[in-house]
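# Fold and contact review
As a plain string of letters, each chain reads:
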Amino acid sequence: MGKLSHRVCYGVSISFGYATVGIVGSAGRFEYTASGTSINMAARLCDVATHIEILISAQAWAVIESVVEAVSQGEVEMNGIREKVEVFAVVSE
């Protein structure tokens, strides 16, 4: 890499479940947003994910386990979620 090059790395997360989506705000200022436990879980998984890592919730793993390979990373405490959550790292497609 040259002097002005930057390496871009990011972690990705996928959660599965119900969410509430819609416009929030007032007539003068509003935005489209999503909220709910699955949205919070995805955000917390992103916080935990390292670069080039895809973390998924146990609920997401239950839905896609026949399609991808993943390895349990154990149970993790997450802000805003009462109980520890089992996290899986996707290792192949």
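None of these values were measured; they are calculated from a predicted model.

Reading guide: rules and limits
- Residues numbered from 1 in each chain as written.
- Predicted model: local features only at pLDDT ≥ 70, side-chain atom pairs only at ≥ 80, totals over all residues.
- Heavy atoms only, no water.
- Pairing = 2+ DSSP bridges.
- Helix = DSSP H or I, 4+ residues; strand = E, 2+ residues; numbered from the N terminus.
- Axes fitted to C-alpha atoms, helices over the stretch in contact; angles between N-to-C directions.
- Salt bridge = Lys/Arg side-chain N within 4 Å of Asp/Glu carboxyl O.
- Core = buried A, V, L, I, M, F, W, Y, C linked by side-chain atoms within 4.5 Å.
- Buried < 20%, exposed > 50% of the residue type's maximum accessible area, 1.4 Å probe, protein only.
- Patch = residues over 30% accessible without salt bridge, like charges linked within 9 Å, V, L, I, M, F, W, Y side chains within 5 Å.
- Areas by Shrake-Rupley, 256 points an atom, 1.4 Å probe, with all protein chains shown as cover.

### Notes on the sheet that holds strand E6 (residues 85–92)
If you trace the 4 strands from one edge of the open sheet to the other, you get E1-E4-E6-E5, paired in mixed fashion. Edge positions in the sheet fall to strand E1 (12–14) and strand E5 (69–76), since each of these pairs with one other strand and no more. Neighbour to neighbour, the strand axes of the sheet diverge by 30° on average, direction disregarded.

### Details of the pattern of salt bridges
Counting across every chain of the model gives 1 salt bridge. For the salt bridge of Arg 44 with Asp 47, the shortest nitrogen-to-oxygen distance reads 3.6 Å. In this pair, Arg 44 and Asp 47 both sit in helix H1 (residues 37–48), 3 residues apart, roughly one turn of the helix.

### Quick look at the pairing of strand E3 (residues 30–35)
Each regular strand displays side chains that alternate between the two surfaces of the sheet. The pairing of strand E2 (residues 20–25) with E3 spans 6 bridges and is classified as antiparallel. Residue pairing across strands places Thr 20 opposite Ser 35, the latter belonging to E3. Between E2 and E3, which follow one another and run antiparallel, lie 4 residues.

### Quick notes on the environment of Glu 65
If you trace the backbone, Glu 65 turns up in the loop between helix H2 (58–64) and E5. Considered as a pair, Glu 65 and Val 90 are 25 residues apart in the sequence and their alpha carbons are 9.8 Å apart.

### Observations concerning the nonpolar core
If you look at the biggest cluster of nonpolar residues, it comprises 9 residues: Met 41, Leu 45, Ala 49, Leu 55, Met 78, Ile 81, Val 85, Val 87 and Ala 89. For this core, the secondary-structure elements that each account for two or more residues are H1 and E6. The biggest single contributor to this core is E6, with 3 residues. By size, the runner-up hydrophobic cluster in this structure holds 6 residues, among which are Ile 56, Ala 60, Trp 61 and Ala 70.

### Considerations on a nonpolar patch on the surface
A contiguous nonpolar patch, built from Val 8, Tyr 10, Val 12, Ile 14 and Ile 54 and spanning about 470 Å² of accessible area, is present on the exposed surface. Looking at the secondary structure, you find Val 8 in the segment before E1. Exposure remark for Val 8: the relative accessible area of 67% places this residue in the exposed category.

### Section: the environment of Glu 69
Examined against the element boundaries, Glu 69 turns out to sit in strand E5. You can call Glu 69 partly exposed: its relative accessible area is 46%. Measuring from C-alpha to C-alpha, the distance between Glu 69 and Val 90 comes to 5.9 Å, with 21 residues separating the pair along the chain.

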